[in-house]
Amino acid sequence: MRTAYSVETVRTAERALMARLPDGALMQRAAAGLAAASADLLGRVYGSRVVLLVGSGDNGGDALYAGARLARRGAGVAAVLLAPDRTHPGGLAALRRAGGTVARPDAADRLIGRADLVVDGIVGIGGKGGLRPEAVPLAERVTRSRAAVVAVDLPSGVEADTGEVLGSAVRADLTVTFGTHKPGLLVDPAREYAGTVRLVDIGLGPELPAEPDLEALQHADVAALLPWPAAESDKYRRGVVGIAAGSARYPGAAVLAVSGALRGGAGAVRYVGPAGQAVIARFPETLVSDRGPHKAGRVQAWVVGPGAGDDVATVAEVLEADVPVLLDADGLRLADRDAVRARSAPTLMTPHAGEAAALLGVAREQVEAARLDAARELASRYGATVLLKGSTTLVVDPDGGPVRVNPTGTPWLATAGSGDVLSGLGGSLLAAGLAARDAGSAAAYLHGLAGRLAAKGAPIGAHDVAETLPRAWRDVQRGRPVRGAGAVGAVPA
């Protein structure tokens, strides 16, 4: 599991660790890891041209000490100082002793144009409100360059705690972060600016609290959550999920939600709605009823909303059930907020950014720019667990605790009906007895992995995702790695 902590928590942990270490030891650990990662990215250090963009904070010091290490290995290193009178003195002296040179910002354009590697040490994790005006041209010049870009701890211009990007920011190929991940490295839009993230262990772990602010599950974590049939299992013990979905206009939504539930391990699926014939034609094992949710038979969880149109009565009836409910698509729009808040059983809401914006009464762009804030606010308003779909899917409990961030998402899942498959999968895991946060997290992980496996760089449809879910399930159980899912390495200091 990858964990992330807020800036305040990281600063507190750093102070506690520095109190037990010789002066400057923590920065030297960070610089050693940064230099090693930069050398790996360069491939050949001797004779390479490296430009350091150095601000006034500790990130600038990290960059200078790392630059000194690269200079001693034969790289030509030039430091562009954005605040010459506030540059880290020890780092600057080390760079000069190693043969590095110093330049003012007006030389940056020429130096960056010739560089093999640019190290972004402009702003650290304490930066707020976006880049200062004088740093914006540098960030834009770096973006246009052909050089590889390494960000120190966090790309300059992104918000460490929220993942927001306020204006221009540095786009990195590699971000070398120290001690622990920061929330912005796991959440879009900032995650997109970070490139591959490499974690340098500087000994901070024992100083961090047991509960992080964010966590991203990996194969072993998801495998531990997934239900596994025992010898005495029957369809009821494995979980029966009810699907109230589809309409005359959208019968396919019902078919896809049922497919997600069946491929997600449900012991049985009960379908209620007007698309019964379409469902039976595709999945004859489905138990179809036309008498409404209350008379459909026993279920351990309900999914309501995909393709439901304006069927307010069915949504209201499902919300009255004393079993976990997953609300998706039209169900989100039709559900009464007070009815959701009054439920005693868990509720899992699965909006995309547009649906979340409508529920919050804000613009979609506002949700996409501040995904963490939007998911937390929605969970608080409805008293429900929220799975906010998107480029980084977030799962937030209303009572707090670490936010789950899914690392397996892929743009190939941006296809009609993909969310219907996810809702059925999540419902099957709720029916198997998983808590809402665990069901949402495991469903998002499997769904994203199935999308990756089905696509392999080629267009896919929602049906392909559903059909690949069993393979994704097997890969998780066998511990096969997720390729291209925001790779993270650990570098000893």
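- As named in an unreviewed UniProt entry, the protein is Bifunctional NAD(P)H-hydrate repair enzyme, taken from Streptomyces carpinensis.
- UniProt annotates the protein under Subunit (unreviewed entry) with the comment "Homotetramer."

## Topic: the packing of aromatic side chains
- Applying the stated criterion across every chain, the model contains zero aromatic pairs.
- Across the ring face of Tyr193, the terminal group of Arg171 is positioned such that the distance to the ring centre comes to 4.0 Å.

## Structural notes on the UniProt feature "binding site: AMP" (unreviewed entry) in the protein
- Here the UniProt-annotated "binding site: AMP" (unreviewed entry) positions come out as Lys389, Gly390, Ser391, Thr392, Thr393 and Gly419. For this annotated set, covering 31 residues, all C-alpha atoms fall within 14.2 Å of each other, a compact arrangement in space.
- Residue position: Ser391 is located in the loop between strand 16 (385-388) and strand 17 (394-396).
- Judged by relative accessible area, Ser391 falls into the partly exposed class, the value being 44%.

## Comments concerning the pattern of salt bridges
- The final tally for this structure, using the stated rule, is 20 salt bridges.
- A salt bridge links Glu207 to Arg20; the shortest N-O distance between them is 2.4 Å. In this pair, Glu207 is assigned in the loop between strand 8 (196-201) and strand 9 (214-216) and Arg20 in the loop between helix 1 (7-18) and helix 2 (25-42), connecting sequence segments 187 residues apart.
- Residue Glu207 is classed as partly exposed on the basis of its relative accessible area, which comes to 24%.

## A look at helix 18 (residues 418-431)
- Taking 1.5 Å of rise per residue, the 14 residues of helix 18 would be expected to cover 20 Å, and the 20 Å separating its terminal C-alpha atoms lies within 8% of that figure.
- Extensive coverage of helix 18 is indicated by the burial of 13 of its 14 residues.
- One or two steps after helix 18, the chain reaches Gly433, where phi turns positive at roughly 105°.

## Observations regarding the pairing of strand 11 (residues 268-272)
- Of all five residues in strand 11, five are buried; the element is thus mostly enclosed.
- A two-sided burial pattern is seen for strand 11, the buried positions comprising Ala268, Arg270 and Val272 on one face and Val269 and Tyr271 on the other.
- Strand direction decides the pairing type here: strand 10 (residues 240-244) and strand 11, joined by five bridges, are parallel. Looking across to strand 11, one finds that Val240 is bridged to Ala268.

## A look at the nonpolar core
- Formed by 55 residues in total, the largest nonpolar core has its most connected members in Leu34, Val50, Leu52, Val77, Val119, Val176 and Phe178.
- With near-sequence residues (within four places) excluded, Val176 lies in contact with Gly33, Leu34, Ala37, Val150, Ala151, Val152, Asp153, Arg198 and Val200.
- In terms of nonpolar packing, the next biggest core, distinct from the first, is built from 53 residues, Ala257, Leu425, Leu430 and Ala472 among them.

## So, the pairing of strand 3 (residues 76-81)
- Extensive coverage of strand 3 is indicated by the burial of five of its six residues.
- As judged from the six bridges shared by strand 2 (residues 49-54) and strand 3, these two strands associate in the parallel manner. Within strand 3, the position partnered with Leu52 by the bridge is Ala79.
- Assessed by its sense of winding, the connection that carries the chain from strand 2 through helix 3 (residues 58-72) to strand 3 is right-handed.
- With helix 4 (residues 89-97) bridging strand 3 and its parallel neighbour strand 4 (residues 101-103), the resulting β-α-β unit is right-handed.

## A short note on the sheet that holds strand 18 (residues 403-405)
- Within the open sheet, the eleven strands sit side by side as 1-9-18-17-16-15-14-13-10-11-12. Their pairing is mixed. The outermost strands of the open sheet, each flanked by one partner alone, are strand 1 (2-4) and strand 12 (287-289). In this sheet, neighbouring strand axes are inclined to one another by 20° on average, regardless of whether the strands run parallel or antiparallel.
- Bridging between strand 14 (residues 325-327) and strand 15 (residues 347-349) involves three bridges; their strand directions are parallel. Following the sheet pairing, Leu327 is matched in strand 15 by Met349.

## Thoughts on the environment of Val241
- Looking at the secondary structure, you find Val241 in strand 10.
- Overall, Val241 belongs to the buried group, its relative accessible area being 0%.
- Val241 sits 185 residues away from Gly426 along the chain, and the two C-alpha atoms are 9.8 Å apart.
- Setting aside chain neighbours within four positions, we find Val241 in contact with Ala261, Ala266, Ala268, Val269, Arg270, Val299, Ala301, Val303, Gly427, Ser428 and Ala431.

## A look at the environment of Asp322
- In this fold, Asp322 is placed in the loop between helix 12 (312-319) and strand 14.
- Distance from Asp322 to Trp302, taken between C-alpha atoms, is 9.9 Å for residues 20 residues apart in sequence.

## Notes on the side chain of Thr393
- For Thr393, the location among the structural elements is in the loop between strand 16 and strand 17.
- Relative accessible area serves as the criterion here: at 10%, Thr393 is assigned to the buried category.
- Sequence-distant contacts of Thr393, defined by excluding residues within four places in its chain, comprise Arg371, Leu387, Leu388, Arg404, Val405, Asn406 and Ala444.

Calculation rules
Residues numbered from 1 in each chain as written. Predicted model: local features only at pLDDT ≥ 70, side-chain atom pairs only at ≥ 80, totals over all residues. Heavy atoms only, no water. UniProt positions renumbered as here; feature names shortened; annotations may be inferred. Phe/Tyr/Trp six-rings, centres within 6.5 Å; stacked < 30°, edge-to-face > 60°. Lys NZ or Arg CZ within 6 Å of the ring centre and 35° of its normal. Helix = DSSP H or I, 4+ residues; strand = E, 2+ residues; numbered from the N terminus. Buried < 20%, exposed > 50% of the residue type's maximum accessible area, 1.4 Å probe, protein only. Salt bridge = Lys/Arg side-chain N within 4 Å of Asp/Glu carboxyl O. Expected span 1.5 Å × (residues − 1). Pairing = 2+ DSSP bridges. Core = buried A, V, L, I, M, F, W, Y, C linked by side-chain atoms within 4.5 Å. Contact = heavy atoms within 4.5 Å. Right-handed = clockwise from strand over helix to strand, strands pointing away. Axes fitted to C-alpha atoms, helices over the stretch in contact; angles between N-to-C directions.

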